[in-house]
Amino acid sequence: MDPLAQALDAVAADLQQARRLLFITGAGISADSGLPTYRGVGGLYNGVTTAEGFRIEDALSGDMLRLRPDLTWKYLAQIEETCRGAQPNAAHRAIAQLQAQRDVTVLTQNVDGLHRQAGSRDLIEIHGNLQVLDCTCCAFSEEVRDLAGRSLPPRCPECDGLLRPRVVLFGEALPEAALDRLYTVLESGVDMVFSIGTSSIFPYIVQPVVWAARSGITTVEINPARTPLSDIVSHYLPLGAAAAMTALLSRLE
């Protein structure tokens, strides 16, 4: 039998028995929605400086937002425009479908909101969400569909303070509530851990998978390209997210 088909059968057999699942997802899960795979919040600019001569990590940093909000918002708006109109794909929908049947938590690096659109409920958006804007001066907050037609940088309608998206910019700490939720899920116990479409370079993405593997918990990596996790997990599936999740769900039916 084809080795890939065998691997899919093995993962599906484990999945059939599992009731508590943790999915860790990166930009690769949104590739079939037409979004580029990119690193962190920065995206689209790997190894390229901005027109102003800054590294994208500096342009999209918390320090730059304070010093030059116009510059940070210029590139935040480019990312938002790239995400605008994107729809959840088969991988997002498959995970949401599993949530209707089992105890499923999704930890995502993505700020595109596609898991939420697909219907995922127990969702840890570790880098935040571009569609929520918070005032930096008062308690005002709003959820926006997109930034089309808005002046940038956007101002608070209540105090005229600077608005910022509820995302983690470079140099900023991860939200403690999101990390606490992840630790609670791990401490309560999981039957399987999936890593999907992430380059696995951040410790908070790698460590749950490594911990699960060392604890004898079934681990699965879905990624067309090998990563540091590929030799650690129980099963490595060299597929795109939509193709892999579609194949797995078809085997559960």
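In this numbering scheme, every chain counts its residues from 1 along its sequence in written order. The predicted origin of the model limits local features to residues at a pLDDT of at least 70 and limits the giving and counting of side-chain atom pairs to 80 or more, whereas totals for whole chains, interfaces and linings rest on all residues. To obtain the side-chain values, all non-hydrogen atoms of the structure were included, while hydrogens and water were left out.

(A) Expanded view of the overall build of the protein. Each helix and strand in the protein was counted, giving 9 helices and 9 strands. Here the radius of gyration uses the C-alpha set of atoms, whereas the globule reference equals 2.2 Å times the residue count to the power 0.38. Since a compact globule built from 253 residues should have a radius of gyration of about 18 Å, the 19 Å found for the protein is in line with a globular shape. When the backbone C-alpha atoms are referred to their principal axes, the protein occupies close to 60 × 35 × 30 Å. When a residue's accessible area, from a 1.4 Å probe over protein chains only, is under 20% of the maximum for its type it is buried; when over 50% it is exposed; and in between it is partly exposed. For the protein, buried positions account for 55% of its 253 residues. In the protein, once contacts between residues fewer than 6 apart in sequence are set aside, the share between residues at least 24 apart is 62%. Methods summary: accessible areas were calculated by the Shrake-Rupley approach with a probe of 1.4 Å, and residue burial reflects only the protein chains presented. A total of about 11,500 Å² of accessible surface is found on the protein, and carbon and sulfur atoms cover 50% of it. This count recognises Lys and Arg as positive and Asp and Glu as negative, with His and chain-terminal groups excluded. Taken as the charge location is NZ of Lys, CZ of Arg, CG of Asp or CD of Glu. Seen as two clouds, the 21 positive and the 29 negative side-chain charges of the protein have centres 1 Å apart. Segments assigned H or I by DSSP are reported as helices when at least four residues long, segments assigned E as strands when at least two residues long, and all are numbered from the N terminus. Throughout, a contact is declared for two residues whenever any of their heavy atoms are within 4.5 Å.

(B) Up close: the packing of aromatic side chains. Note on aromatic pairs: the rings of Phe, Tyr and Trp (six-membered ring only in Trp) are paired at centre separations within 6.5 Å, and the planes decide the class, stacked below 30 degrees, edge-to-face beyond 60, tilted for the rest. Tallied over the full model, the rule gives 2 aromatic pairs. Each ring, one from F202 and one from Y204, has its centre 5.4 Å from the other, and the planes form 15 degrees; the classification is stacked. F202 sits in the partly exposed class, given a relative accessible area of 24%. Two limits define a charge over a ring: the Lys NZ or Arg CZ must be within 6 Å of the ring centre, and within 35 degrees of the ring normal. The side chain of R226 reaches across the aromatic face of Y236, ending 4.8 Å from its centre.

(C) Structural detail: the nonpolar core. Buried Ala, Val, Leu, Ile, Met, Phe, Trp, Tyr and Cys residues that are joined via side-chain atoms within 4.5 Å together make up what is termed a nonpolar core. Core analysis: the biggest nonpolar cluster contains 30 residues, and F23, F194, I196, I222, M245 and L248 have the highest contact counts within it. Elements with a minimum of two residues in this core: α1 (3–17), β1 (20–25), α5 (90–99), β2 (103–108), β7 (192–196), β8 (218–222) and α9 (241–252). Per element, the largest residue contribution to this core is 7 residues, and it comes from α9. When residues no more than four places from it in sequence are discounted, the contact partners of I222 are F194, S195, I196, G197, L237, L239, G240, A241, A244, M245 and L248. One finds A77, C83, C135 and L162 within the second-largest nonpolar core, a separate group that totals 27 residues.

(D) Molecular detail of the pattern of salt bridges. A pairing counts as a salt bridge when a side-chain nitrogen of Lys or Arg comes within 4 Å of a carboxyl oxygen of Asp or Glu. Under the counting rule described, the total for this entry stands at 14 salt bridges. Here E142 and R150 are joined by a salt bridge, their closest N and O atoms 3.2 Å apart. On the accessibility criterion, E142 (23% relative accessible area) is partly exposed.

(E) How the structure looks around the state of the cysteines. Any pair of cysteine sulfurs within 2.5 Å is marked as a disulfide. As enumerated under the stated definition, the model contains 0 disulfides in all. As a non-bridged cysteine, C135 has C159 as the owner of its nearest cysteine sulfur, 3.6 Å distant. Just so you know, C138 is unpaired, no disulfide at all, and the nearest cysteine sulfur is the one on C135, 3.7 Å from it. Note on C138: relative accessible area 28%, which makes it partly exposed.

(F) Just the layout of surface pockets, in detail. For cavity detection a 1 Å grid was placed over the protein atoms alone, and a set of points counts as a cavity when a 1.4 Å probe fits there but cannot get out; an open set counts as a pocket when protein lies on both sides within 12 Å along at least five of seven lines, with lining residues being those that have an atom within 4 Å of a point. Grid points are joined across faces, edges and corners, and a volume is the space filled by probe spheres set on the points. The calculated volume of the second largest pocket comes to roughly 230 Å³. As for the second largest pocket, its lining consists of 14 residues, of which R84, G85, Q117, Q131 and R145 are closest to the centre. Among the secondary structure elements, those contributing two or more residues to the lining of the second largest pocket are α4 (69–83), α6 (114–118) and β4 (128–135). When residue character is reported, Ala, Val, Leu, Ile, Met, Phe, Trp, Tyr, Cys and Pro are called nonpolar, Asp, Glu, Lys and Arg charged, and the others, Gly included, polar. Taken together, the residues that form the lining of the second largest pocket break down as 5 nonpolar, 4 polar and 5 charged.

(G) Here's a closer look at the sheet that holds strand β5 (residues 141–143). Spatially, 3 strands are ordered β5-β4-β6 in an open sheet, and the strand pairing comes out antiparallel. The open sheet has two edge strands, β5 and β6 (163–167), and neither has a second partner. Taken pair by pair, the neighbouring strands of this sheet meet at an average axis angle of 35 degrees, ignoring direction. At least two bridges found by DSSP between two strands are what make those strands a pair. Relative to β5, β4 is paired through 3 bridges, and the arrangement is antiparallel. Considered in β5, the bridge of V132 is made with E143. Inter-axis angles, ranging from 0 to 180 degrees, are taken between N-to-C directions of lines fitted to C-alpha atoms, where helices are fitted over the stretch in contact.

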